[in-house]
Structures are given as structure tokens and as C-alpha cells.
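# Reading the structure
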Amino acid sequence: MRPFDSHPDELISASLTGDLTDLERRELEAHLSSCPECRDTLEAFSQQRQMLAGMRQSPLPRDLAARVRTGIESRRFAMPWYRRPSGWLTGVASVATVAVAALLTVVFLNGRGNPTAPASASPSPSPTVSAAASASPSPVPTAAPLPLNMQAGDLLYVQLTGPIDDPKLTVIEAQSAAKVGLANPGTGQYSETKRAALSPDGRALAFATETGAKGSWRIVVASLANGATKQLAETWPVAFGRRIAWSPDGRYLAFTVASVGANGTSDVWLYDRTSGSARQLTHAGNAYFASWAPQNADNEQLWVSLGEANPVSQLAQFPTAAGIPSDDPLAGEATTVAGVFAPLVSRDGQHALYWTGTMSLDGTNGWIFSKGGMPQLTPMDGNWKATPLFSDLTVGQGGEAFASGELSWADDSDTYAVWGANWAGTPEGNDYPDSNGVYVGRVSNGQLSRTSAPDLGTMTSSSGDALYLVDVALSPDGSTAAVTLGIPLPGDLATPKSYLRAVTVNGDHPPADVGGGANPQQWSGPGVFVPASVGG
Amino acid sequence: MQSMAWPQLLGADPVMGEAPGNTALESRFERIFAQFSEPIFNYVLRMVGDRDRAADITQDTFIKAYRKLDTLADDASTRSWIYRIATNTAIDDMRRRRYVTPMGDDERHNRRPDPRPGPEAQVLDASIDERIQRALGRLRPNHRQCLVLSDVEDMSATQIGEVMGMSHGAVRTLLCRARGEMRRELLQEGIGS
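If you're wondering where the values come from, they're calculated on a predicted model, not measured in any experiment.

We now examine the nonpolar core. Across soluble globular proteins, nonpolar side chains have a tendency to be buried as a group. By size, the foremost hydrophobic cluster in this structure holds 57 residues, and its most contacted members are Phe62(B), Ile82(B), Tyr83(B) and Met182(B). By residue number, the principal contributor to this core is helix H1 (residues 23-48) of chain B, which donates twelve residues. Both domain 1 (18-106) and domain 2 (121-193) of chain B contribute no fewer than three residues apiece to this core. Every residue in contact with Met182(B), bar those within four places of it in the chain, is listed here: Gln48(A), Leu52(A), Ile132(B), Ala135(B), Leu136(B), Leu139(B) and Leu147(B).

Put into C-alpha cells, the structure is as follows:
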């Protein structure tokens, strides 16, 4: 009889189901007779099995058979979770809290390509230096030729290819197919990209990529000239914390670093291309990035919103040349506007989109609207006179209102989009408002309605599953939306796939699949349009 | 086991392109639904910890099963076949919601007082169930999956391997790790030793 080198837990486990050979059983019995620790393990495993087997069975929902029948007959699945608003307003505490410490790892680079310590989990944003990129992205605009042969108005997109254990990210110019491969900063594999922002000079791309099984996002900045990358932060994609945006002059990148759980926090961080470093800007714990306002003389202006029952927004200002301020700019005499959340100012500074309503802190989604949430439009005249974006949606007694959503402007300062909007309470009609819909309007053309959603093309993949909306980017002239639509996968190890679809807002042309075509075998998106400022 | 009757025949099926009145297909599906709908629902419920999500996933599982019915070679393999579809559908759902804690919605339900009258023991049982489910919800998905298949669904390592697409040896190893992890999680819930 061979002795065991260590406690034979695997045999103990297998013995519970009789899954042992005769030899294994004899060996285990002999060992158990002399090892009290393994007898404890056996006792614990046995109790555990009994408890699990004794859990109460839940009755089947009464309507399940009818739902299955309806689903089969209607050729589609029931509305999946990501299209249903219910659950968004649910508080979450304990498990998320436990998970936070392991999940929130904030790392940023010092921008010099220095040797680094490995990334480590931290319960709060930390200035720990992380794994280095292969080289620093070009920090300032240069006279060098534009990368990827890009011209203003072109569509670029990120593409994730390769096997699941060795994924590659590439940035592709849709027209010419010019491409640049992106180095991996080395703190984890690339996964689905969820957001992207092109710097105004067209030379740097910031993007958010999932971190595989964890579900958090890594914020990465890449040079499109040579594919060098830097990881700026790891964050949790809370509802209003997913935006990444370059300042109008392209020097600074703003993003939100959030944790989740009952004690989840959120603060705004900035990355400075000139110094190559990132730093936490706010320390409020409930701050979300909203948007850059046009520069005021030599000052950067950034609207930051604070999630509270009655939310407020504050205008952070700091001298452009001084770099990221070390003091919290919200701690001083910042302009404060009550009742305004996540204002998004048009490029010309004439209008803003923003949210109104009463908020509450959700353990997984951060601060979201719990009552009366509605997107608004206002002229930027200082009065914040709200005009609801939708003409045919009203806050209802049954809790009908938006919990959260995404807003976007086109560079024309006229065209805007509402998408990924989560409507709580009873829908106002079939799939309206639709969290998978993109509602496009123009300041010059009145409010949005259910007819404002351009045709996104079939929302059914080749396998028949409903697609899910990932990201929307509007072209500078407001004529086209680049819509990333994820394809549900059969399992954790399947290769991520998505459509990147060019959709004409006016329906002039049918939607066209870019990148992966009509039968994508990889993840393409998000798309970003080259702004008019490029080459200027 | 409670079974649920399939409400009438499906009629014309635009998904499969089957002609109306394909009674052999329909009656086979009816049998599968009647036999497995409740076990699958409970299996998924253990996986995701929330009734609404479990209902959605169960619904999608049976729609997929209907579509793939022609791939089911023989009735003997129905159980592992339907559990495999349910497993993949649940993993897909968890993958899409992975930034949402699996127990999130259930926390809300758990805090609701049970309106049913009952003896003290029933309340105590419910409390233990809740704690076990919380511990389950904190396991890694593949640990949770194989543990539920083994100890709740009483599947052998070979059957679990068919469901999870793993070898017998790999399942044994995974199951051992899952039991160890579950032991620690149960201790956090004040259960076990």
C-alpha cells in the first residue's frame, strides 16, 4: 500500500459518490484510520453533500411553458437580461463588497517605460506603478504623417482576433484596411473592447477592454503610430462611469475609476499625455466623469457629477499648462449646478445633454436614477432650462423612468444620440424605450420619439440569438452611427464575436457590416470617427 | 417531481422550418419538457441564485433544445444533453452579467419575510438554504457547476464530464477543489467545521 505524500482530498471527495477503484478505496481507508485531519475532511464533505442534496426545490414559474412556446413561435428568445430594466434598481451588498477588494486594482504608468512592479489588488485607487508598456505613446502632437492614412470623417475600429488564450488587438482604418497591432501592457489578456476614444489629433486611441473572467475594465491608451500601449487603470464599469474622453486640446484623457458593492466608490482620473502619467483628480468617492467643456482661455474645464439623492454637477477648472492638479479642484470654489447629472456639452459649447431625477446607490451599478430619471437638453446659457429629450415618454406613477443610459454628441453640435437606456417600470409599448435601441435626434429638429430609432439591421445573429448593444459612435457630420453589437456566446471559452454596423441616421442606405462582415468570426468595435480637427 | 404540461402542440415552427403537425418532434419535445423543466429550473437557480434569471435561462434552454432536437441521438443521452444546453446558457448569461454579482437580486428576495405560516423548523431550514445558496454563489462558476451537478443533481463524474465537456479525471479534480472551496465558504456562513 503506497503512502500518500499529502492528504488525499481528491480520493475523499470521490469516495462520496463511490467513484473509487478498489485499490483507491483500500488506500483511502488505511489512510483515514491514521489521519484525523482527513477524517474531518470526509465528515465536512459528507455534511456538505447532504446539505446540498437537501436544499428545497423551487416550483417552476407558472408561465414558463407558455413563454417557451411563445419564444419558439416568435423565432426569438425572450428579452434577455441586458434588455430588461428590472433588476437595475436592485440593491446589492454583501457579495459585491467581498469581491471589491480583489476586483478593484488600479494601476497607472509613470509614462517613462520604467521597470515596474507587478499589478496588485488594492481596495482603493493606488499610485502603484504597474507593468510597463513596450513604449510610451507619443505624448504630444507632432508633424509626423498621420497614422493609418486617416482623414477626417474616416471610421477606425478596434478588432480582437486570435484564440481565446492568445488574443490580439488591432486598430483598422475601415476604408483602406490600414492597420496597426497593439502591444499588450502585460497585466492580463485583451478581451472584448467596450469603449474607444480617438484623440483630437488622431494619434492616440484610448480604449476600455474587459479583463476576461473578472468583468472589470482596463483603461488603455495606445499610440496609433507604433501600437505602443499603456494601461492607465482598472475599473468597474458602473452605469455612468464608462465614458473615456479626451480634452478638446487632446492633452488630457478623463475617465472614471469605480469600485462596486455597498461601499463602492467612484472618482475621476486624468491621464496627461505630456507627462505620460495618470492621477486621481477627485476624492469625493461619488464622482463620475461627465464631459469636457470647451477650454476657457488657458484653463481646462471638466464637468464632474456627484451621485447623490439629488445629484449635482461641478465644473472643475485647472490651468492647461500646469498638468493634472494635485489638489481636488472640486474642493474649492467650483461652479455647482444642482439637479444636473452627467452634462455632456456640445463641441460648440452651445448646448448640453444631461440627466435629471432622484438617484440612489446601487451596489453593482453605482449611482443610478431610482425615480424620475430623464435625459434633457438645454442651451448653455447658465439657466439650465430643461427640455426632455423624448416627447412621448413621461415619468409615470408606476416608476416609469430611466435608470441610466448613454448620451453622445456628433461633432456638428446638432446631432445627438441616446442609447443603452434602461427604462424602469412598465414599457411604453413594444420594446419602447428599447435598451438595445439607438435614438438619434437633432437640436434643430425637435424632440425624440419612438420613431427616432434608425434601423440597426437585423438584431439576430446567424445563430438566432438576439444581439446586444455595446457602443455607439456618431460621425462628425451626424449622418452615420457606428454601432457595435455583441453576439451572445455559447460559453466562457468561446471566441468573442460582434458586428460593427454602419447605420445611416436618415435611413439613406441600409445598415452595412464593417470589419467582420455579415458573418463575423471575431470581435470588431467600438468604432471611432476621425474628427475634423485631425490634420488641422 | 412536479411536471409541467406543455401547452398544446407548437404548430408551425418558423425556426426549424418544420411543417405544421410534425407530431413526432412535438411529442418528443413535450416529453423532455415535462421530465426536465423543473429539474433544469432548479439547477439553473442554484447556478445563478435568482428566480427571474433562472426562469429566463430555463426558457432559453428549452428553446435551444427544441431547435437542436434533431441532434439528440437517443433518448438515453437526453439528460446530459439538456443539462449541457442549460449549463452553456447559464454560463453565457453569467458571462454577460459578470459585473453583476450572481446573488444580487436574490439578496432582495432573501430579505423578504416568508409570508407562509409554518413551524420554527421551516424558518430555520429556509435560513440554512439561504446561507448555502450564498456560499454557492461565491464559488467560481465551474466549481459551482460541478458541485451542483454532483451533490444536488446526483450525477456521476462521468455524467458531469459529459455535461461540462471534461474528462473523468478532470471532473474528479475539479470536484475536489469545489468541495474545498465550498467548505471554506460554508464556514464563512457559520456552517460546518
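Next up on the list: the pairing of strand E17 (residues 351-362) of chain A. Residues and elements named next belong to chain A. Note that strand E16 (residues 341-345) and E17 share three bridges and pair antiparallel. In the strand pairing of E17, Phe-341 is matched with Trp-355. Hairpin connection, E16 to E17: the antiparallel pair is bridged by five residues, and Gly-349 has positive phi, about 75°. Summarising the sheet, E17 and strand E18 (residues 366-379) pair through eleven bridges and their orientation is antiparallel. Counterpart to Ser-360 in the pairing with E18 is Ile-368. Here E17 folds back onto E18, and the loop between the two strands holds three residues.

Another point: the pattern of salt bridges. Residues and elements named next belong to chain A. Applying the stated criterion across every chain, the model contains 19 salt bridges over all chains. Between Asp-22 and Arg-25 there is a salt bridge, and its shortest N-O distance comes to 3.6 Å. Here Asp-22 pairs with Arg-25, and both are found in helix H2 (residues 22-34), just three residues apart, close to one helical turn. Taking the relative accessible area as the measure of exposure, Asp-22 reaches 48% and is therefore partly exposed. On the basis of relative accessible area, Arg-25 is assigned to the partly exposed category, the value being 37%. Linking Asp-272 and Arg-251 is a salt bridge whose minimum nitrogen-to-oxygen distance equals 2.8 Å.

What counts, and where the lines are drawn
Residues numbered from 1 in each chain as written. Chains lettered and ligands numbered in written order. Predicted model: local features only at pLDDT ≥ 70, side-chain atom pairs only at ≥ 80, totals over all residues. Heavy atoms only, no water. Core = buried A, V, L, I, M, F, W, Y, C linked by side-chain atoms within 4.5 Å. Buried < 20%, exposed > 50% of the residue type's maximum accessible area, 1.4 Å probe, protein only. Helix = DSSP H or I, 4+ residues; strand = E, 2+ residues; numbered from the N terminus. Domains from an automatic or database assignment. Contact = heavy atoms within 4.5 Å. Pairing = 2+ DSSP bridges. Salt bridge = Lys/Arg side-chain N within 4 Å of Asp/Glu carboxyl O.

From the geometry alone we can't say anything about function, so treat these as descriptive.
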